[in-house]
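# Descriptive analysis of the structure
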Amino acid sequence: MRKRGLAATLAAAWALSWGCGAASDNAGANGFGGGADGGTNAPFADGGTLADGGGAFADAPPERETEGDYQSPVATGRFVWVANPTSGRVAYVDATTLEVHTVEAGNGPTYLVAVPDPKDDVALVMNVLSYDATLLRASGGQLSTTTFPIARGSNAWAVSADGRWAIAWTDSTKLAKLDPTQGFQDVSVIDLTGQKPATIVAVGYRPVKLGFSSDGARALAVTQDGISVIDLTQPSPIVIKNVAVSDNPLDDPGSRDVSVTPDGKYALIRRDGKSDVTVVAIDTGALTKVQLGSAVSDLDLSTAGDRALAILRDTSTAAILPIPAIASSPTAFTTVTITGQLVGSASLAKGGKIALLYTNAIPSERLTVLSLDTSQFHTIRLYAPILAALPADDAQNAVVVHDTSGDAGAHPAFSLVPLSGNLPAKIVGTPAPPQAVAISPSSDRVVVSVRDDVTKTYGVYLGKLPSLEVDQLTLASPPIAVGVVAGAGRAYVAQSHAEGRITFIDLSTGKARTLTGFELGSRVVDGSGK
Amino acid sequence: MRTRVACTFGAAIAIAACSSRPGKWDAKIDTPAKAYGLQSAVVLVDDPTHRLVTVLARPDQQIHVTPFAVGHHVLRVATSPDSARLFALAAGDVPRRSDADEYPSLTIVDGTPEPTAARYTMAEPLSNLAIDPLGRYAAAFAGDGASFVENPNEIVLFDLSRGPDATNPTSRTIRSFGGKPVRLTFTPTLQLPAGPRRLLIVETDQDVAILDLDNAWKSAPPPELTVRLTNGGDTRRIAPAQVVVDDGDPAKNDDARIGLRTANDTNVVTFQLAAAPPNSLNDFAPTVNLTDVGGIASDIAFVRTDEGLRLAALVPQLASAVLVEPDTSVTAQVKLPSAYQRMSLVTDIVGDGGGTDVALLWNGPSRAGSGVAFWTLGKTVGQPYRSVEVLPLVATIANVVDVPKPHGTLKLLQTDTNDAFYVLDLKSRTAAPLTTLGQPTLATSPDGQRIWAFQRGTTNLASLELENLHPIPLLTGPAIDSVFDIARADGGRSLVAIHSVGAIGATVFDAKNPDTATSRIHSSLLLQGL
């Protein structure tokens, strides 16, 4: 049976960036595209000074890139993996049998990532105190480990879609009080097959995003110096060039939002408050400026990398940029004006045919569904301000998380939204703000965790699509991540607990099972010699 | 101890034959008497002569004495919960110097209708005994040390449904991580994924083992499952203090649970017995769930509430009970009027038939007037239980004694003072005080009609008819050591009061019509049958 990588297992996951202490890291095992923003907004964002914004919404704050701040649960086809930096062990829970095992990793195993594999369950954990990484492979009831050296200070992973390559790097956006001399330029390139030695290479200053070309020949590091290209075909991985993403040496790298196509051939750069998108041909270094006429508030790339969607909030316009044609014909884009609505953010459904448009810069209850093929759109009225919208893989329904912050002042809630426009959305009030969302790969189940640390209110909702039936479950401890283990037919909610706690929810029955005490669970001895 | 020569004041014949009498006549007499009550017999253990002396009651306060051989050097004696059988563990002759010397053994006296005895031989002397409340099994395990070198983790299992043979008993050494068994619990039949099972739960001083009794006599029995209670990350030693068992929904086979509290940790633990992973040696496996109840639990029980099964934990430190939802570990704290330490489920007696439990709470702090409380589970608006009703009593209730039918609605409440006990009526929720002039020892009659109260070491005795709580003062000649209300073959009942004087005496009363005037004293019971 072919196993899915995490990117396929989790149709969508979303989490607020409130630092819940999750031990997992971004686990997207694709290249750069895929419509999922990489969270490049946070530390470098220009505090909302839309200098050339103009128009009616010039004073509105920037759009919040909520859906890009993943705290992806680390799940593989059958297992959920959880690292314990204190014990030095990684627990892996069989989501089918709920059997718990632990395995010794290195010193301080902390950052986990799922590794796509056609037959085995494979995860990779970064040991932050021993400066190495442990590859964990569960196969035929046995677990094997392989250790690779990595650069000190690494805190993030990038894994190629075929599961061969992994890069450990340092995401400076996770760190505070940085000195300018801290460039975090060492990245560790690991051939997980062991055919080539693990290699530390130097890329540009402060990388913000790492990924691989879909053919596995190159790795690309988006840095403040540009895009560093790492050739993986050499006997030992080596940086072969750096591609500038701006022709202005004074360009503020912190204002950039860089997306790279899955094949690694083009990069698209949006800058806060700027009305153009720069298209970079990575092979040649050629820069093409696409003038869109108004500040681009969001830029999303389709999973296939064949088009990008730029949102111009000041004019409530969506611009569809064909790729690669736009690189040679900078006017070859089409625009759709969303008449009567304010849109500043976009979420592209898998397949890239449907986009959800909304704004979270100001309280807005309107969600616009745009067909990128036909440029047709319709707007759905919801009953609370939108914070984020996540379409299911089949683009038939979406989950909308409502905004409870600031002036919005709304009661915590989420909505399940049929995207056809023929059926009403269902709003679900929650006793605590939604914290994380996962949608099953089959697009028929939605899991939403809620969390309020002040009132100690924790819970999880299981929504059924398309019926919009919702079941609620109270949790005993703060949720930190949710996900779906499709192979086991279960969703899970990892929770903050000293001994480790995870609640599994049967996607068919809604029945919950909680495991607490991973170390204890793994220390059940049955005499089988394990 | 005295020799029989010195104390056979009632046996003049023996003196005349002193020069040629068997050695048993010179054997010591152990005092106080080791007396045990069966349904229709009192059994005296006469270890120096290697005998069990059964005393049957006859009409007119006569008795019939029958001795049975018992293994040499009796280590432990116990009766089954239904008082049908007596079990005597003997060390045998250690070391064996000749073929005539005995092996360790378990002698079982079946008390009905006429006493019979059977003996099972063991390889090693063991001094602890656990008896299956359902009468099918018994288990012997190590106690205070019966031989120079002892394996404290060896457990000898007896299948009482068949006689002794080459495979019965069977011996098992449970795996140890440094602990040794402290307490053994036989479960009722549990519906497990692979079929109905009876289990033996072995609490050691630091972990828990679960042994499949139904497969224990196979030629290659499955090993026990061991659940360790610490994560191995520190030096803590968590000692189990109590286990409780629940089979869950009768229609399901994956929801049987074991609950455990510990003596020194604030977590309670539940083990859900689910299907075993492939290639396991057992066909079930426990999944572990820890729940912190905020203090060290003093008693636990599985209870049924309007919202389903819960593990109830009494936490005196919080003066609360905590209800644990075993599927999610969600807790609900129920503030109690006092810091009760013990509870007994009385649903069968006072329940409303609505499927929710009623618990009797007792053993609150001294001088707090805490008495007992009726905790009615269920749910009303705003609280996870229906009511807590206190019956304030002056003294601390130290023990609660069940009363058999037809007065099963009554409980005897033993206090920690010397001057009173109570008869609690669960139906009317009244507690009738009965004052005494000294520390009473209470015994209920198996027919549920009366209570016997006596003061050990004195001649004070009283019968209390439960129908009307009318006390009948009685008196014996010698001081009383213990009393037993036993059935007679003619349908009557006799009260046998044992005196540790001479070669052990007894005063017999007509239990249904007790009168000192019609009582009869019998002496030198241990001389009979020599």
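Residues numbered from 1 in each chain as written. Chains lettered and ligands numbered in written order. Predicted model: local features only at pLDDT ≥ 70, side-chain atom pairs only at ≥ 80, totals over all residues. Heavy atoms only, no water.

Okay, the overall build of chain B next. Each helix and strand counted, chain B has three helices and 44 strands in total. Relative to a compact globule of 530 residues, whose C-alpha radius of gyration would be 24 Å, chain B shows 25 Å and is just as compact. Taking the principal axes of its C-alpha atoms as reference, chain B extends roughly 80 × 55 × 40 Å. When burial is assessed residue by residue, chain B has 56% of its 530 residues classed as buried. (Helix = DSSP H or I, 4+ residues; strand = E, 2+ residues; numbered from the N terminus. Rg over C-alpha atoms; globule rule 2.2 N^0.38 Å. Buried < 20%, exposed > 50% of the residue type's maximum accessible area, 1.4 Å probe, protein only.)

Across the contact, 26 residues belong to chain A and 30 residues belong to chain B. Both faces combined, the contact of chain A with chain B buries some 2500 Å², and carbon together with sulfur accounts for 52% of it. For chain A, the biggest contributors to the area lost against chain B are Arg513(A), Leu520(A) and Arg523(A); these three give 26% of the whole. At the junction of chain A with chain B, the criterion picks out one salt bridge. Notably, a salt bridge pairs Lys511(A) with Asp327(B), separated by 2.7 Å at the nearest N-O pair. Sorting the residues of the side of chain A that touches chain B by element identifies β36 (469-474), β40 (512-516), α3 (518-522) and β41 (524-525) of chain A as the ones contributing at least two each. In terms of residue count, the dominant contributor to the side of chain A that touches chain B is β40(A) (five residues). Residue composition of the side of chain A that touches chain B, grouped by class: nine nonpolar, eight polar and nine charged. Relative to strand β20 (residues 225-228) of chain B, β41(A) runs antiparallel, the two sharing two bridges. The residue bridging Val525(A) from the neighbouring strand is Thr226(B), located in β20(B). (Contact = heavy atoms within 4.5 Å. Buried area = accessible area lost by both parts, 1.4 Å probe. Salt bridge = Lys/Arg side-chain N within 4 Å of Asp/Glu carboxyl O. Nonpolar A, V, L, I, M, F, W, Y, C, P; charged D, E, K, R; others polar. Pairing = 2+ DSSP bridges.)

The step from Thr31(B) to Pro32(B) runs through a cis peptide bond, and the omega angle for that step is -5 degrees. The peptide bond linking Asn168(B) to Pro169(B) adopts the cis configuration, its omega dihedral lying at 10 degrees. In this structure, Pro169(B) sits in the loop between β13 (154-159) and β14 (170-173). A positive phi angle, near 50 degrees, is found at Phe184(A), a position not held by glycine. With respect to the helices, strands and loops of the structure, Phe184(A) is situated in the loop between β10 (165-169) and β11 (186-191). On the basis of relative accessible area, Phe184(A) is assigned to the buried category, the value being 18%.

Residue and element names in this part refer to chain A. By the definition in use, this model includes eight aromatic pairs over all chains. Geometrically, the ring pair formed by Trp 81 and Tyr 92 is stacked, given 5.3 Å between the ring centres and 25 degrees between the ring planes. Placement of Trp 81 in strand β2 (residues 79-84) and of Tyr 92 in strand β3 (residues 89-94) is noted, with a sequence separation of eleven residues between them. As far as burial versus exposure is concerned, Trp 81 and Tyr 92 are alike and both buried. Ring-pair connections join several aromatic residues into one group, and the members of that group are Phe 79, Trp 81 and Tyr 92. (Phe/Tyr/Trp six-rings, centres within 6.5 Å; stacked < 30°, edge-to-face > 60°.)

This paragraph deals with the pairing of strand β12 (residues 199-202) of chain A. Residue and element names in this part refer to chain A. Side-chain alternation along β12 places Thr 199 and Val 201 on a buried face and Ile 200 and Ala 202 on a face that remains uncovered. Bridge count between β11 and β12: four bridges; the pairing is antiparallel. Bridge assignment links Val 189 to a residue of β12, and that residue is Thr 199.

Here we take up the sheet that holds strand β5 (residues 109-115) of chain A. All names here are of chain A. Here four strands make up an open sheet; going across it, the order is β5-β6-β7-β8 and the pairing antiparallel. On the outer flanks of this sheet lie β5 and β8 (142-149), each paired with one strand and no other. Here the average twist between neighbouring strands, direction ignored, is 20 degrees. One ladder, built from six bridges, connects β5 with strand β6 (residues 121-127); its direction is antiparallel. Paired with Tyr 111 across the bridge in β6 is Met 126. (Axes fitted to C-alpha atoms, helices over the stretch in contact; angles between N-to-C directions.)

The next point concerns the pairing of strand β17 (residues 256-260) of chain A. Both faces of the sheet carry side chains from a regular strand, because those side chains alternate between them. Residues and elements named next belong to chain A. Of all five residues in β17, five are buried; the element is thus mostly enclosed. Across the two faces of β17 the burial is the same, with Arg 256, Val 258 and Val 260 and Asp 257 and Ser 259 all buried. Two strands pair when backbone bridges link them, and β17 and strand β18 (residues 266-271) are joined in this way by five bridges, in the antiparallel orientation. Among the inter-strand pairings, Arg 256 is bridged to a residue of β18, identified as Arg 271. Counted along the chain from β17 to the antiparallel partner β18, the turn is five residues long, and its residue Gly 264 has a positive phi close to 75 degrees.

All names here are of chain A. The antiparallel open sheet is built from four strands, whose spatial order is β25-β26-β27-β28. Unpaired on one side and paired on the other, β25 (345-348) and β28 (377-381) mark the two borders of the sheet. Sheet twist, expressed as the mean angle between neighbouring strand axes with direction ignored, is 25 degrees. Pairing between strand β27 (residues 366-371) and β28: five bridges, direction antiparallel. When the sheet's bridge partners are listed, Val 369 is paired in β28 with His 378.

All names here are of chain B. Within this structure, the stated rule accounts for 44 salt bridges over all chains. Its salt-bridge partner being Arg 183, residue Glu 203 comes within 2.9 Å of it at the nearest N-O pair. In this pair, Glu 203 is assigned in strand β18 (residues 199-204) and Arg 183 in strand β15 (residues 181-186), connecting sequence segments 20 residues apart. Judged by its relative accessible area of 30%, Arg 183 is partly exposed. Between Arg 429 and Glu 389 there is a salt bridge, and its shortest N-O distance comes to 2.8 Å. Linking Arg 429 in the loop between β35 (420-425) and β36 (430-435) with Glu 389 in strand β32 (residues 387-391), this pair joins segments that are 40 residues apart in sequence. For Glu 389, a relative accessible area of 35% puts it in the partly exposed group. Linked by salt bridges that have partners in common, Asp 447, Arg 450, Glu 465, Asp 485 and Arg 493 make up one network.

All names here are of chain A. Across chain A, the average pLDDT comes to 84, with 85% of residues at 70 or higher. Taken together, the stretch residues 1-58 has pLDDT below 50 and engages in 164 contacts with residues farther than four places along the chain or on a different chain. Low pLDDT (under 50) marks residues 66-72, which in the prediction has 32 contacts with non-local residues, meaning those over four places away or in another chain. (pLDDT = per-residue confidence, 0-100.)

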